[in-house]
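# Descriptive structure summary
This is what each chain is made of:
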Amino acid sequence: MDDYRTDDAWHQAAFFWVGLSGIVATGAMVGAGGDNYWAVGHIGPPFVPQRTTAVLGVLVFLVGLCDLVALGVIFAGAVVLVQRLRGASGED
């Protein structure tokens, strides 16, 4: 039984840190500005800008997934809060 609780706590921490990293990365992108962020894709040799732009696009996609995890963590926390306010126990 202890292994389940330890494993569950590890998963909760992993979701939290993935979500937090997505929020921080999104803040950095927004802080840099869209024009500046995508201009990074054109730095380097003039004959390979598509590869760097594609990598930045994949990075944006992964950060978007991390942001979805963050929204899920926020939603789960809100659900737990509402359940506890209604008197439901926190133990399953």
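Criteria and thresholds
Residues numbered from 1 in each chain as written. Predicted model: local features only at pLDDT ≥ 70, side-chain atom pairs only at ≥ 80, totals over all residues. Heavy atoms only, no water. Helix = DSSP H or I, 4+ residues; strand = E, 2+ residues; numbered from the N terminus. Buried < 20%, exposed > 50% of the residue type's maximum accessible area, 1.4 Å probe, protein only. Contact = heavy atoms within 4.5 Å. Areas by Shrake-Rupley, 256 points an atom, 1.4 Å probe, with all protein chains shown as cover. Patch = residues over 30% accessible without salt bridge, like charges linked within 9 Å, V, L, I, M, F, W, Y side chains within 5 Å. Salt bridge = Lys/Arg side-chain N within 4 Å of Asp/Glu carboxyl O.

### Points about the overall build of the chain
- Along the chain, the regular secondary structure elements total three helices and zero strands.
- The proportion of buried residues among the 92 residues of the chain is 11%.
- Considering only contacts in the chain between residues 6 or more positions apart, those separated by 24 or more positions represent 54%.
- Counting only carbon and sulfur atoms, one obtains 69% of the accessible surface of the chain, whose full area is about 7,400 Å².

### Focus on a nonpolar patch on the surface
- On the surface, a cluster of nonpolar side chains totalling about 720 Å² of accessible area is made up of V58, F61, L62, L65, L68, L71 and I74.
- You can see L62 is positioned in helix α3 (residues 49-85).
- Overall, the relative accessible area of 45% leaves L62 in the partly exposed class.

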